[in-house]
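What follows is each chain in one-letter form.
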4 protein chains.
Amino acid sequence: MKALVFHGPRDIRFENYADPELRTPNSAILKVSNCSICGSDLHMYHGAHIGNKEYGADSETFCTGHEFIGEVVEAGPNVHAFKTGDKVLAAGGTGCGSCPACLTGGPGNCAVSTAFGIGPTLQGGQAEYVCVPNADATLMSMDGLTDEQALLLTDGMATAYFGLTRAEPKPGGTVAVVGLGPIGLMGVELAFALGAAKVFAIDPVESRRAMAEKLGAITLAPGADLVPRVRDMTSGKGVESVFEASGASGAIASVLPLTARRGNASFIGIPEPDDALPMPLIMFKNITVRGGICDVQNMWPHLVPLVQQGRITAPDLFSHDFNLSQGPEAYSLFDSRDEGVLKINMTVG
Amino acid sequence: MKALVFHGPRDIRFENYADPELRTPNSAILKVSNCSICGSDLHMYHGAHIGNKEYGADSETFCTGHEFIGEVVEAGPNVHAFKTGDKVLAAGGTGCGSCPACLTGGPGNCAVSTAFGIGPTLQGGQAEYVCVPNADATLMSMDGLTDEQALLLTDGMATAYFGLTRAEPKPGGTVAVVGLGPIGLMGVELAFALGAAKVFAIDPVESRRAMAEKLGAITLAPGADLVPRVRDMTSGKGVESVFEASGASGAIASVLPLTARRGNASFIGIPEPDDALPMPLIMFKNITVRGGICDVQNMWPHLVPLVQQGRITAPDLFSHDFNLSQGPEAYSLFDSRDEGVLKINMTVG
Amino acid sequence: MKALVFHGPRDIRFENYADPELRTPNSAILKVSNCSICGSDLHMYHGAHIGNKEYGADSETFCTGHEFIGEVVEAGPNVHAFKTGDKVLAAGGTGCGSCPACLTGGPGNCAVSTAFGIGPTLQGGQAEYVCVPNADATLMSMDGLTDEQALLLTDGMATAYFGLTRAEPKPGGTVAVVGLGPIGLMGVELAFALGAAKVFAIDPVESRRAMAEKLGAITLAPGADLVPRVRDMTSGKGVESVFEASGASGAIASVLPLTARRGNASFIGIPEPDDALPMPLIMFKNITVRGGICDVQNMWPHLVPLVQQGRITAPDLFSHDFNLSQGPEAYSLFDSRDEGVLKINMTVG
Amino acid sequence: MKALVFHGPRDIRFENYADPELRTPNSAILKVSNCSICGSDLHMYHGAHIGNKEYGADSETFCTGHEFIGEVVEAGPNVHAFKTGDKVLAAGGTGCGSCPACLTGGPGNCAVSTAFGIGPTLQGGQAEYVCVPNADATLMSMDGLTDEQALLLTDGMATAYFGLTRAEPKPGGTVAVVGLGPIGLMGVELAFALGAAKVFAIDPVESRRAMAEKLGAITLAPGADLVPRVRDMTSGKGVESVFEASGASGAIASVLPLTARRGNASFIGIPEPDDALPMPLIMFKNITVRGGICDVQNMWPHLVPLVQQGRITAPDLFSHDFNLSQGPEAYSLFDSRDEGVLKINMTVG
């Protein structure tokens with residue numbers, strides 16, 4: 001088959017790769033119709049560590065990509081919820097599906113849980129075909145979803161929901177979203193959908209702030225006056241729930257000063273090795289801080305119905321369309337951090 | 001002053017009554033501008049028990065009404081948050097404001113907490129003037145609120161929020177609201193505002209269902225096919241969060257059959273003495289049931305910002321306008337349970 | 001093999017039955033070493049409904065029993081956590097282990113989740129051998145546990161923990177346990193282990209009250225003065241967390257009068273068809289009521305360490321020892337509800 | 001009266017000071033019988049900042065101390081729960097008792113909430129007399145409590161409970177307490193009282209570890225092998241709930257490496273200005289971090305019953321007895337951080 005294959009930092013190639021085979025009886029093979037690139041893919045693209053993985057020029061090659069949708073073309077004998085021909089989206093990562101952790105708490109608790117396409121352990125879906133282990137728990141029917149919505153549900157929207165809700169937004173409460181990439185913009189929309197009264201949306205890029213403003217947010221650019229301005233608009237209190245959606249060091253540093261006493265701050269971006277949070281602010285403001293990687297599957301029961309019923313629309317997040325064969329250019333464009341680049345939808349075949 | 005005065009069942013008169021005086025240093029006197037009638041006022045109107053109170057022909061007279069807004073005309077020396085001239089709304093009931101329960105948990109925990117206007121202990125606000133004890137905790141500024149919104153925040157919208165949230169609606173989840181009076185209709189709007197994906201709104205009256213439908217709900221009339229129809233629309237599961245907003249015996253009886261396994265059912269209507277919930281349904285469906293009277297003040301931090309920011313509009317709930325002098329007719333009309341009667345706004349003076 | 005076989009109400013026989021075979025690749029066969037009888041087994045013994053099952057004289061025969069421990073003698077190819085020779089205990093029921101519900105939420109969410117030994121769908125473990133489907137999620141190692149502790153962890157102690165915690169006991173709070181059979185007695189011990197300050201233990205049988213008293217509880221017999229006495233010992237408030245552990249109609253009826261305002265009441269006993277809870281008490285006391293069947297597996301992460309570390313001892317709950325061949329007599333004795341009968345430990349082979 | 005008076009860093013004198021007078025109608029005057037010194041007093045003693053307060057040689061003098069018990073000798077007209085002659089303990093800080101924040105959420109939410117004895121705003125109780133504002137919410141009856149228990153309930157035991165519970169210990173779970181001063185030792189006892197299965201108690205001082213061991217903890221000294229040893233004793237997982245009770249920089253740094261994936265870390269010690277928590281650990285281990293100052297009053301409903309019922313004993317925490325006149329020596333000894341110094345009980349008069 002044809003696939004995007006990682007050969008080393010900034011060296012992703014569109015080339016032939018061995019067709020996937022069913023790894024386990026609970027696996028399914030998908031014929032991928034669309035895939036997209038996630039901000040976290042850039043860490044690998046840059047050769048940086050992700051978790052305990054290191055990417056160098058002599059890495060074993062593997063197919064990239066953890067955001068993909070497609071059609072089931074083969075289902076193992078222990079796959080019960082899906083059959084050949086079903087249109088499905090996949091969670092960005094999964095567990096084995098057969099250990100006690102998987103069987104009582106879901107894939108995220110599995111000791112061998114991993115993301116697709118970040119190493120040879122679990123081949124990615126920026127490819128014509130991909131094998132999805134633990135299919136019953138890793139796939140979701142695309143019924144009632146557009147291709148774009150389904151692509152967002154593979155990771156980004158789930159991460160936005162995870163990050164936002166770990167900032168414990170309250171009905172009638174105040175929320176700040178720091179960083180207005182696709183995840184931050186979905187965070188803004190979700191904050192209102194869950195009952196926030198005021199959402200502050202913070203980003204240096206004007207076009208992104210304009211998108212947040214259309215969603216109802218009060219928009220602000222970072223800068224020296226950010227914290228006093230937000231304080232003015234919150235009766236001097238600061239923001240109850242602050243969601244950092246970028247992973248940029250400057251953005252991370254702005255979070256605790258924005259947070260109200262007894263407030264909550266949530267982080268989902270991959271930090272730099274020496275990013276740190278000042279203990280005195282956590283302490284004297286009685287702040288709860290949460291960071292973490294999202295279990296995509298656990299967010300679906302909340303998100304899929306909201307999208308199906310039209311209560312979340314995630315508008316205009318796909319700024320570019322490519323074919324998989326143009327994947328290397330797509331990665332390069334995405335890496336440019338050009339202001340106009342949000343999500344890239346790659347059609348396969 | 002002039003006031004509506006309770007003389008016995010179905011005998012409420014517009015007549016002179018002694019002007020209120022400051023009862024405690026933490027009290028304030030309001031000049032009432034508007035007041036409304038609550039469904040729970042009808043229990044007293046009918047001479048029925050409310051809690052441990054009994055209403056007979058020989059009751060001591062008292063001013064009625066626990067839903068009122070107005071202007072502070074006198075504030076005791078221990079009132080710090082409000083001053084003469086402030087336009088305010090009052091919570092439908094309050095505690096003393098000076099016992100340890102009030103001072104650490106709010107008025108609802110106070111041993112002498114009571115509603116306004118259900119007995120001589122705490123005179124009501126269907127009157128030209130009313131004394132509000134524990135004013136700092138019982139009043140809320142009307143800044144950014146219309147008169148109608150402020151009246152709804154004295155009780156009904158707070159009760160809707162309380163009842164709905166005790167059914168634990170989940171983002172993306174299913175909600176049913178049984179009974180589409182003003183509280184039920186606000187429950188429908190709030191359910192969507194808090195992230196419900198599907199709201200089932202159930203009432204025999206077509207015009208009320210039409211209002212719920214405009215808010216986005218799936219509407220249904222009660223009847224033998226209610227439970228199977230709802231089950232069909234919930235993949236056979238039933239509804240995760242059911243909020244009974246009427247107190248009618250038939251409506252109460254429909255709640256647990258509608259509720260999904262591991263779902264939540266919440267009740268806020270004053271029940272009949274022999275209403276009961278079948279234990280086997282609670283048990284075999286692992287249901288959580290909650291009933292209760294709302295602490296209005298505790299809901300305000302959620303509701304007031306949602307209303308001020310326009311995220312809750314509570315449209316068209318006031319079906320009739322009267323002057324306080326027409327109070328007896330207003331009570332009689334409200335008691336008629338005529339289909340077109342929702343809330344009645346009485347102007348004072 | 002030899003097994004206890006249900007032939008109809010009060011007709012359980014010790015006789016030959018077909019050896020179990022591996023039903024699915026995720027199943028394991030246990031050689032049972034010990035089993036016990038649960039109070040809920042008596043409903044079937046009496047021919048009463050359990051859930052949607054009916055027991056009549058012409059029922060298909062099946063092996064009884066959902067409380068059993070033993071040794072793995074055969075493990076299917078998809079069983080990863082256990083191997084031949086492992087000493088294990090089994091949860092009293094399980095799901096399929098391969099549907100999305102099982103794979104993300106555990107066996108209790110499975111549409112075909114069922115208990116062992118209440119019908120031919122899932123043969124019970126009062127037998128020499130039993131097939132345990134979904135073994136990775138249904139079995140637990142007996143490391144660090146005595147036989148008696150392991151037997152209690154198959155159901156009774158888990159149900160006690162489930163029922164108690166659904167009454168939301170607070171550190172420093174008051175708890176009442178109504179009904180001092182094995183589950184109630186474990187509820188008393190667990191209430192203290194979780195931080196209750198005062199536990200009221202209520203049962204008509206003196207010997208059972210004596211056991212609760214040894215655990216630190218304040219003991220009471222049911223009767224007209226029960227509620228006023230408890231109120232006297234709780235500053236007039238009633239009990240914050242009430243756990244009904246018997247299923248007896250009189251006990252069920254005593255729960256809400258004992259419960260404090262804003263308190264929690266939890267039920268785990270199988271009720272009679274016409275048991276019901278009075279709505280006015282739920283309403284005017286703002287009570288939360290929960291009923292339900294326990295997902296045994298979900299309690300293990302809490303209970304197994306507490307037992308292994310000696311913080312829960314569950315002393316003296318086994319009042320009688322039998323051999324499986326004496327099963328019919330054991331059932332008859334257990335059904336006598338004799339005061340001295342708590343749990344019966346049946347040795348197999 | 002005689003009192004300990006702050007004149008500047010390390011300059012606390014026993015001398016005459018003006019008798020307190022009732023500041024507000026909701027205040028009470030106590031004749032102090034006993035008081036103690038808190039670790040946080042040393043920050044002031046050293047001239048360091050606390051919150052927004054700075055301590056220099058030219059500070060206005062004030063009476064020190066926020067841990068004190070005594071007898072009510074005068075009660076303002078708005079004090080309802082206490083009267084002259086009552087033996088009481090005081091919370092270490094309080095709010096005004098009359099603003100809406102106090103009246104609905106308790107003293108901790110008050111904008112002018114402050115601790116006793118850290119500045120002239122609220123004179124401390126290391127004195128013969130002290131004025132306690134907002135007395136109904138700030139005092140607690142000593143019924144059923146010893147002097148030592150009452151002193152611990154003014155701050156330290158409440159802070160231990162607060163810090164421990166914000167690490168979300170689970171029944172059957174693992175807890176680590178880092179730092180075995182009085183607060184840490186009470187944290188160990190409380191962790192077991194709330195249902196922890198295993199408690200790891202970490203301190204460099206052997207005598208303190210010995211006290212923790214008597215309470216049932218597994219004790220460890222800090223060092224390079226700390227994290228691997230704890231990992232070995234937790235099946236490789238690390239500790240679910242880690243409570244840092246010292247504020248020492250080295251101890252703070254050890255917390256996140258000890259914490260399990262998806263675990264909770266809680267901090268209550270006053271940090272150094274440049275203490276910080278590494279973002280990558282928070283992120284890749286999905287950790288929840290909480291810091292904060294305790295609202296003492298909110299812990300009492302949990303702690304007072306546990307102490308009264310003998311379920312928490314807080315044994316042997318008072319290592320030294322002094323008279324108030326020896327206060328300067330007591331401060332000096334306490335500041336020595338001598339291994340044998342835990343709490344100092346100062347008798348007044």
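Quantities reported herein were computed from a predicted structural model and do not represent experimental measurements.

Undergrad: I'd like to hear about the relation of the copies chain A and chain D, residue by residue, with values.
TA: The two copies are related by a screw motion: chain A maps onto chain D through a turn of 180° and a shift of 0.0 Å along the axis, at an RMSD of 0.0 Å. The two molecules are tied by a two-fold rotation axis, judged by turn and shift. Interface residue correspondence from chain A to chain D reaches 100%, placing this contact among same-surface, isologous pairings.

Undergrad: Go over the domain arrangement of chain A with me, naming the residues and quoting the values.
TA: A common measure of how large an interface is: the accessible area buried when the components associate. Residue and element names in this part refer to chain A. The assigned domain composition of chain A is domain 1 (2-155 + 295-347) and domain 2 (158-291). Between the C-alpha centres of domain 1 and domain 2 there is a distance of 27 Å. If you look at the interface, domain 1 gives 21 residues, while domain 2 gives 19 residues. The largest per-residue losses of area from domain 1 upon contact with domain 2 belong to Met299, Glu339 and Leu342, which jointly make up 27% of the total buried on that side.

Undergrad: Run through the packing of aromatic side chains, naming residues and quoting values.
TA: Applying the stated criterion across every chain yields a total of twelve aromatic pairs over all chains. Between Phe68 of chain A and Phe116 of chain A the ring centres are 5.2 Å apart and the planes differ by 90°, which places this aromatic pair in the edge-to-face class. Pair noted here: Phe68 of chain A is in strand β5 (residues 67-75) and Phe116 of chain A is in the loop between β8 (114-115) and β9 (129-132), with a separation of 48 residues, a long-range link. The buried category is assigned to Phe116 of chain A, whose relative accessible area is 0%. Summarising the aromatic geometry, the rings of Phe6 of chain B and Phe62 of chain B are spaced 5.1 Å apart at their centres and angled 20° between planes, so their arrangement reads as stacked. In this pair, Phe6 of chain B sits in strand β1 (residues 2-8) while Phe62 of chain B sits in strand β4 (residues 62-63), placing the two residues 56 residues apart along the sequence. Residues Phe6 of chain B and Phe62 of chain B agree in their burial class; the two are buried.

Undergrad: Got a sec to walk through the interface of chain A and chain D? Specific residues and values, please.
TA: With 33 residues of chain A at the interface, the matching set in chain D holds 33 residues. Summed over both partners, the interface of chain A with chain D buries about 2600 Å², with 60% contributed by carbon and sulfur atoms. Contact with chain D buries area across many residues of chain A, yet Met279, Met283 and Phe284 of chain A alone supply 25% of it, more than any other trio. Linking chain A to chain D there are two salt bridges. Where chain A packs against chain D, one counts 14 residue pairs in polar contact (both at pLDDT 80 or more). Listing elements by their share of the side of chain A that touches chain D, those giving two or more residues are β15 (259-267), β16 (276-278), α10 (279-284) and β17 (288-291) of chain A. For the side of chain A that touches chain D, the element with the highest residue contribution is α10 of chain A, accounting for five residues. Class assignment of the residues belonging to the side of chain A that touches chain D gives a composition of 18 nonpolar, eight polar and seven charged. Bridge analysis of β17 of chain A against strand β17 (residues 288-291) of chain D gives three bridges, and the strand direction is antiparallel. Counterpart to Thr288 of chain A in the pairing with β17 of chain D is Arg290 of chain D.

Undergrad: So what about the packing of helix α5 (residues 156-165) of chain B against helix α6 (residues 182-193) of chain B? Which residues, and what values?
TA: Residue and element names in this part refer to chain B. Contact geometry for α5 and α6: axes closest at 8 Å, N-to-C directions at 60°. When the axes of α5 and α6 are compared, the pair comes out oblique. In this structure, α5 crosses over α6, and the sense of that crossing is right-handed. Taking contact as the criterion, the partners of Gly156, Met157, Thr159, Ala160, Tyr161 and Leu164 in α5 are, on α6, Ile183, Met186, Gly187, Leu190 and Ala191. Across the contact of α5 with α6, the residue classes tally to eight nonpolar, three polar and no charged.

Conventions adopted
Residues numbered from 1 in each chain as written. Chains lettered and ligands numbered in written order. Predicted model: local features only at pLDDT ≥ 70, side-chain atom pairs only at ≥ 80, totals over all residues. Heavy atoms only, no water. Least-squares fit on C-alpha atoms with pLDDT ≥ 70 in both. Contact = heavy atoms within 4.5 Å. Domains from an automatic or database assignment. Buried area = accessible area lost by both parts, 1.4 Å probe. Phe/Tyr/Trp six-rings, centres within 6.5 Å; stacked < 30°, edge-to-face > 60°. Helix = DSSP H or I, 4+ residues; strand = E, 2+ residues; numbered from the N terminus. Buried < 20%, exposed > 50% of the residue type's maximum accessible area, 1.4 Å probe, protein only. Salt bridge = Lys/Arg side-chain N within 4 Å of Asp/Glu carboxyl O. Polar contact = N/O pair within 3.5 Å; in protein donor to acceptor, adjacent residues only side chain to side chain. Nonpolar A, V, L, I, M, F, W, Y, C, P; charged D, E, K, R; others polar. Pairing = 2+ DSSP bridges. Axes fitted to C-alpha atoms, helices over the stretch in contact; angles between N-to-C directions. Parallel < 35°, antiparallel > 145°, perpendicular 65-115°, else oblique. Left-handed = near helix turned anticlockwise from the far one by under 90°.

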